[in-house]
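Fold and contact review
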2 protein chains.
Amino acid sequence: MKDKGTNILLLLTPKAQVEYLFDDFTVRQAIEKMKEKRYSMIPVISRETGKYLYSLREGDFLYYLAERHLSFPELERRPLASIPPSRDIRAVPVSESVPALFKTILGQNFAPVVDDQGVFIGIVTRMKVMDALMPEGK
Amino acid sequence: MKDKGTNILLLLTPKAQVEYLFDDFTVRQAIEKMKEKRYSMIPVISRETGKYLYSLREGDFLYYLAERHLSFPELERRPLASIPPSRDIRAVPVSESVPALFKTILGQNFAPVVDDQGVFIGIVTRMKVMDALMPEGK
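I will try to describe carefully the structure that is included in this document. (Residues numbered from 1 in each chain as written. Chains lettered and ligands numbered in written order. Predicted model: local features only at pLDDT ≥ 70, side-chain atom pairs only at ≥ 80, totals over all residues. Heavy atoms only, no water.)

**Here we look at the interface of chain A and chain B**
Taken together, the 36 residues of chain A in the interface contact 36 residues of chain B. In this assembly, chain A packs against chain B so that about 3,400 Å² is buried in total across both faces, 72% of it on carbon and sulfur atoms. If you sort the residues of chain A by the area they bury against chain B, Arg38, Tyr63 and Met130 of chain A come out on top, with a joint share of 20%. For the pair chain A and chain B, the number of links is four salt bridges. Linking Lys35 of chain B and Glu67 of chain A is a salt bridge whose minimum nitrogen-to-oxygen distance equals 3.1 Å. (Contact = heavy atoms within 4.5 Å. Buried area = accessible area lost by both parts, 1.4 Å probe. Salt bridge = Lys/Arg side-chain N within 4 Å of Asp/Glu carboxyl O.)

**Points about unusual backbone geometry**
Even without being a glycine, Arg38 of chain A presents a positive backbone phi close to 55°. Accessibility expressed as a relative area gives 24% for Arg38 of chain A, which makes it partly exposed. (Buried < 20%, exposed > 50% of the residue type's maximum accessible area, 1.4 Å probe, protein only.)

**Side note on the packing of helix H5 (residues 98-106) of chain A against helix H6 (residues 126-133) of chain A**
A pair of packed helices is characterised by two quantities: the angle between their axes and the separation of those axes. Residue and element names in this part refer to chain A. Packing of H5 against H6 brings their axes to within 10 Å, and their N-to-C directions diverge by 125°. Relative to H6, the element H5 is oriented oblique. Of the two elements, H5 crosses H6, and the hand of that crossing is left-handed. From H5, Phe102, Ile105 and Leu106 reach across to H6, where they touch Arg126, Val129 and Leu133. Residues of the contact of H5 with H6, tallied by class, amount to five nonpolar, no polar and one charged. (Axes fitted to C-alpha atoms, helices over the stretch in contact; angles between N-to-C directions. Helix = DSSP H or I, 4+ residues; strand = E, 2+ residues; numbered from the N terminus. Parallel < 35°, antiparallel > 145°, perpendicular 65-115°, else oblique. Left-handed = near helix turned anticlockwise from the far one by under 90°. Nonpolar A, V, L, I, M, F, W, Y, C, P; charged D, E, K, R; others polar.)

**Looking at the relation of the copies chain A and chain B**
Each of the two chain copies can be brought onto the other by rotation about an axis and movement along it. Of the transformation placing chain A onto chain B, the axial shift is 0.0 Å and the rotation is 180°, giving an RMSD of 0.0 Å. Here the transformation between the copies is reduced to the relation of a two-fold axis. Measuring from the rotation axis to each C-alpha of chain A, the shortest distance belongs to Leu62 of chain A, at 2.4 Å. (Least-squares fit on C-alpha atoms with pLDDT ≥ 70 in both.)

**Digging into the packing of aromatic side chains**
Residues and elements named next belong to chain A. The full count for this structure, using the stated rule, is eight aromatic pairs over all chains. Seen in terms of ring centroids, Tyr20 and Phe120 are 5.8 Å apart; in terms of plane orientation they differ by 65°. Their pairing is edge-to-face. In this pair, Tyr20 is assigned in the loop between strand E1 (13-14) and strand E2 (21-22) and Phe120 in strand E7 (residues 120-125), connecting sequence segments 100 residues apart. The burial state of Tyr20 is the same as that of Phe120; both residues are buried. (Phe/Tyr/Trp six-rings, centres within 6.5 Å; stacked < 30°, edge-to-face > 60°.)

**Description of the sheet that holds strand E3 (residues 41-45) of chain A**
Two modes of strand pairing occur in sheets, parallel and antiparallel, and in both the strands are linked by backbone hydrogen bonds. Residues and elements named next belong to chain A. As summarised here, the arrangement of the three strands in space is E2-E3-E4, forming an open sheet in which the pairing is mixed. One side of each edge strand has no neighbouring strand; the edge strands of this open sheet are E2 and strand E4 (52-57). The pairing of E3 with E4 spans five bridges and is antiparallel. Following the sheet pairing, Ile42 is matched in E4 by Leu56. The strands touched by helix H3 (residues 58-68) within the sheet are E2 and E4, with E4 carrying the most contacts at an inclination of about 65°. (Pairing = 2+ DSSP bridges.)

**A look at the nonpolar core**
Ile31, Phe61 and Leu80 of chain A together with Ile31, Phe61 and Leu80 of chain B are the most contacted members of the largest nonpolar core, which totals 63 residues. Discounting chain neighbours no more than four positions away, the residues touching Phe61 of chain B are Leu62 of chain A together with Leu21, Val27, Ala30, Ile31, Met34, Leu56, Leu80 and Ile83 of chain B. Grouped together as the second largest cluster of nonpolar side chains are 32 residues, Ile8 of chain A together with Leu106, Val113 and Met130 of chain B included. (Core = buried A, V, L, I, M, F, W, Y, C linked by side-chain atoms within 4.5 Å.)

**A look at the environment of Leu53 of chain A**
Residues and elements named next belong to chain A. Topologically, Leu53 is positioned in strand E4. Given a relative accessible area of 38%, Leu53 falls into the partly exposed group. Separated by 73 residues in the primary sequence, Leu53 and Arg126 place their C-alpha atoms 20 Å from one another. If near-sequence neighbours (up to four positions away) are discounted, Leu53 is found in contact with Asp23, Val44, Ile45 and Ser46.

Spelled out as structure tokens, the structure:
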């Protein structure tokens, strides 16, 4: 493992460079936002407190649409909060140890990172962690 | 890196244990199949030749549905082939070197693996590669 893999902050993609959804979005707004970058998973944060709430996957939207046979105009009236997250993507505190982060990120595309108040400050992507783990020169 | 990370076959999840779609499925059949396991991406193979064709993401289905405002009954008539893959997920030959595989898998959930005829024989998941790369005892 390279030295750069030793501190969560060194692996952080800060909030300003991350796409996320606010909890008061409609389903339509959320889909438009996700579509821009084609992320397979995206964090949802509280507009009021800035706290990380949960993460939604493209599939959560897909099966929500497919199961409910929703028409497109209906999507504008449905609140994002009506889509349940299928996976429990927990946030890691910025103080978390890097080995603990590695374990968390094995099973998910990114780990949301929060400060000691639970406020969302960014993400660590699996890509960055894998890059840090990659054998040198390969 | 542990020794087990040195041969693609040792990292392979064989076809019999993998979910995949046939190219002659309808969109409806494909969604039902993906939903069972909630994979975010799935390989499409030729029913006739068994060859690997491409991979589709949950998002490919989501935006296909959202953009076309399709009703559920219509999904039964739409062929899977009408959904374009958004990403070029190339198959790796089983003879590929493991370092080359590592590079491929950085940016995708799994790498489809094919024999020298292009026939799909299974996948290597990023999870397995990460596990092989994981520092010992962490």
